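# Per-entry structural report
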Amino acid sequence: SVLQRPYCGYTMRMLSNMKSVKYWIRSFGEDTVPPAFFRNTGGLRYRLRFLAKAAEIFAKLNYHSVVYADLSPDNLFVSMDNQAGQVWLIDADNMRYFFDVKKQIMTPGYGAPEVVAGGMNTLESDEYTFAVLAHEILTLNSPFNGEMLSETGDGWDEEDWDVSSEAATGEEADYVPWIYDPNDTRNAVAPGMGLSPDLVMTDKMKELFYRTFCEEGQRNPASRPTMREWFEELRRAESLVIT
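Report on the accompanying structure.

About the thresholds
- Residues numbered from 1 in each chain as written.
- Predicted model: local features only at pLDDT ≥ 70, side-chain atom pairs only at ≥ 80, totals over all residues.
- Heavy atoms only, no water.
- Helix = DSSP H or I, 4+ residues; strand = E, 2+ residues; numbered from the N terminus.
- Buried < 20%, exposed > 50% of the residue type's maximum accessible area, 1.4 Å probe, protein only.
- Contact = heavy atoms within 4.5 Å.
- Areas by Shrake-Rupley, 256 points an atom, 1.4 Å probe, with all protein chains shown as cover.
- Core = buried A, V, L, I, M, F, W, Y, C linked by side-chain atoms within 4.5 Å.
- Arc of directions from axis to C-beta.
- Pairing = 2+ DSSP bridges.
- Axes fitted to C-alpha atoms, helices over the stretch in contact; angles between N-to-C directions.
- Patch = residues over 30% accessible without salt bridge, like charges linked within 9 Å, V, L, I, M, F, W, Y side chains within 5 Å.
- Salt bridge = Lys/Arg side-chain N within 4 Å of Asp/Glu carboxyl O.
- Parallel < 35°, antiparallel > 145°, perpendicular 65-115°, else oblique.
- Left-handed = near helix turned anticlockwise from the far one by under 90°.

## Things to note about the overall build of the protein
Looking only at helices and strands, the protein has 9 helices and 5 strands in total. Listing every helix and strand of the protein by position from the N terminus yields β-α-α-β-β-β-β-α-α-α-α-α-α-α. Across the 243 residues of the protein, 49% fall into the buried class. Contacts in the protein between residues at least 24 apart in sequence constitute 68% of all its contacts with a sequence separation of at least 6. When the accessible surface of the protein is summed, it comes to about 12,400 Å², and 50% of that surface belongs to carbon and sulfur atoms.

Below, the structure is given as structure tokens:
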């Protein structure tokens, strides 16, 4: 839409009865423990449902070689009504064809290692960021909030905590393992931190997270799971949930 020349802008619908997904990541009440918060905000099935819809959106974008670049809890909106299940992206002005990305865009805590290191956004960096966000939504914990980077042991509900970026910079070590890495327990999660992946992930989902956050996934973007893989497994996982 033409604004005041020479500027242009874009228009989008107003989103009603929707919240950004940070509503589903952490409690803002002092007395709410993770399991109760998880249950009171729709439980597992709804999280898997809207994550599958988000993955489908990104799979379609990637099919057309479009990089979204700035996926974060503030840019993905989800219906408050569990039956509606709408998922919308905002800040669409960041989207570019992958060959036309000319500046780096990143929300602290959600940047892929190569973007944190100064590289440009790619389809693969979108895949990494999606995995970080999905991990937080499902476990209520960062994928790197373990012994190597956590000193307090109660960071799951600290709103401004940024261990994902800290892990991606390599400042603490050349490589910071995923907190549930079956082959490297140096950064194991402390007991009681968030929810166990055994409660909220299928074995295939654990594999997808591992392929993203293992050393190969952090250093070789091409080895990460595609958004189509995420969509197919999240949709399958939703169908396995019983009340």
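Once you've had a look at it, read on.
## Focus on the nonpolar core
Ranked by size, the top nonpolar core spans 54 residues in total, and within it F50, F130, F209, W230 and L234 carry the most contacts. For this core, the secondary structure elements donating two or more residues are α1 (34-40), α2 (43-63), β3 (76-79), β4 (87-89), α4 (123-139), α7 (203-213) and α9 (227-240). Aside from chain neighbours lying at most four places away, what touches F130 is L51, A54, A55, L71, M227, W230 and L234. Counting 5 residues, the second largest nonpolar core, distinct from the first, contains V67, V101, I105 and L123.

## Observations concerning α7
For α7, the complete set of buried residues consists of M205, L208, F209, T212 and F213. On an axial view of α7, the arc spanned by its buried residues comes to 120 degrees, and they lie on one face. The elements touched by buried residues of α7 are α2, α4, α6 (197-200), α8 (215-219) and α9.

## Quick look at the sheet that holds β3
In space, the 3 strands of this open sheet follow the order β1-β3-β4, with antiparallel pairing throughout. Across the chains shown, the open sheet's two edge strands, defined by having one partner strand only, are β1 (18-20) and β4. Put simply, the sheet's adjacent strands are angled 30 degrees from each other on average, direction ignored. α2 rests against β3 and β4 of the sheet, and its axis sits at about 45 degrees to β4.

## Comments concerning a nonpolar patch on the surface
Residues Y97, F98 and F99 make up a contiguous nonpolar surface patch of about 370 Å² in total accessible area. With respect to the secondary-structure elements, Y97 resides in strand β5 (residues 96-97).

## Some remarks on the packing of α4 against α7
For the pair α4 and α7, the least separation of the axes is 10 Å and the interaxial angle reads 130 degrees. As judged from the angle between their axes, α4 and α7 are oblique. Every pair of crossing elements has a handedness; the one defined by α4 and α7 is left-handed. Of the residues in α7, those in contact with Y128, A131, V132, A134, H135 and L138 of α4 are M205, F209, T212 and F213.

## Things to note about the pattern of salt bridges
It is possible for side chains bearing opposite charge to pair when their charged atoms get close. A complete count under the given rule lists 14 salt bridges for this structure. Between K22 and D74 there is a salt bridge, with the nearest N and O atoms lying 3.0 Å from each other. Taken as a pair, K22 in the loop between β1 and α1 and D74 in the loop between β2 (66-67) and β3 lie far apart in primary sequence, 52 residues in all. Note on K22: relative accessible area 33%, which makes it partly exposed. As a salt-bridge pair, R49 and E238 come within 3.0 Å of each other at their nearest N and O atoms. In this pair, R49 sits in helix α2 while E238 sits in helix α9, placing the two residues 189 residues apart along the sequence. Since its relative accessible area comes to 17%, E238 is described here as buried. Several salt bridges share partner residues, and in doing so they unite K204, E207, R211 and E229 into one network.

## A short note on the environment of E207
With respect to the helices and strands, the residue E207 is situated in helix α7. Judged by relative accessible area, E207 falls into the partly exposed class, the value being 36%. Taking the C-alpha atoms as reference points, E207 and D181, separated by 26 residues in sequence, lie 9.9 Å from one another.

## A few points about the pairing of β3
Here β3 shows a buried face lined by L76 and V78 and a second buried face lined by F77 and S79. Where β1 lies against β3, 3 bridges are found, and the strand directions are antiparallel. Bridging across to β3, S20 finds its partner in F77. Inspection of the sheet shows β3 paired to β4 by 3 bridges, in the antiparallel sense. Of the residues in β4, the one forming a bridge with F77 is W88.

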